[in-house]
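# Fold and contact review
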Amino acid sequence: MAVRPIVLFPDPVLRRRAAAVERFDDDRWFVLRNLAMVLGEVGEPSLAEHLAPMFEHADARVRQEAIASTIKLGGPRAEELLMGALTDDDPTSYLMAIH
């Protein structure tokens, strides 16, 4: 078992962001959905780029949370991603992107 160094971040936002980024390689839908939720709560528009791959995920629940979090983040990249979501086959995802 590999030992990972403990990184201490004084700022709770930075702690959440660092913990979230470590999970991007996880294939489980609920981990990715939760990761999208965390990134949306951080509120930093530059994080929208990290959500971009989730817009193509096979599970609609991941795409829906990516859309919801992208709306929270805002910014120019968020607008691009949401425009792309208008072609989603899932009706809920499509409707979320419209709003």
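First, a word on what this report is: a plain description of the structure on this page. (Residues numbered from 1 in each chain as written. Predicted model: local features only at pLDDT ≥ 70, side-chain atom pairs only at ≥ 80, totals over all residues. Heavy atoms only, no water.)

Turning next to the nonpolar core. One finds Leu51, Met54 and Phe55 to be the most contacted residues of the largest nonpolar core, which totals 20 residues. Counting only elements with at least two residues in this core, the list comes to helix H2 (29–42), helix H3 (48–51), helix H4 (60–73) and helix H5 (76–85). Per element, the largest residue contribution to this core is five residues, and it comes from H2. With sequence-adjacent residues up to four places away left out, Leu51 is seen in contact with Ala36, Leu39, Ala66, Ser69, Thr70 and Leu73. (Core = buried A, V, L, I, M, F, W, Y, C linked by side-chain atoms within 4.5 Å. Buried < 20%, exposed > 50% of the residue type's maximum accessible area, 1.4 Å probe, protein only. Helix = DSSP H or I, 4+ residues; strand = E, 2+ residues; numbered from the N terminus. Contact = heavy atoms within 4.5 Å.)

Moving on, we come to the packing of H4 against helix H6 (residues 91–98). Two numbers describe how H4 lies on H6: the axes approach to 9 Å, and their chain directions differ by 5 degrees. Put simply, H4 runs roughly parallel to H6. When H4 is examined against H6, the residues Ala60, Arg63, Gln64, Ile67, Ala68 and Ile71 are found in contact with a partner set consisting of Thr92, Ser93, Met96 and Ala97. In the contact of H4 with H6, the residues fall into six nonpolar, three polar and one charged. (Axes fitted to C-alpha atoms, helices over the stretch in contact; angles between N-to-C directions. Parallel < 35°, antiparallel > 145°, perpendicular 65-115°, else oblique. Nonpolar A, V, L, I, M, F, W, Y, C, P; charged D, E, K, R; others polar.)

This part covers H4. Across its 14 residues, H4 extends 20 Å between first and last C-alpha, which sits within 8% of the 20 Å expected from 1.5 Å per residue. Taken residue by residue, H4 has Ala60, Val62, Arg63, Glu65, Ala66, Ile67, Ser69, Thr70 and Leu73 as its buried positions. In the core, the buried residues of H4 are packed alongside H2, H3, H5 and H6. Backbone geometry just downstream of H4 places Gly74 in the positive-phi region, at approximately 65 degrees. (Expected span 1.5 Å × (residues − 1).)

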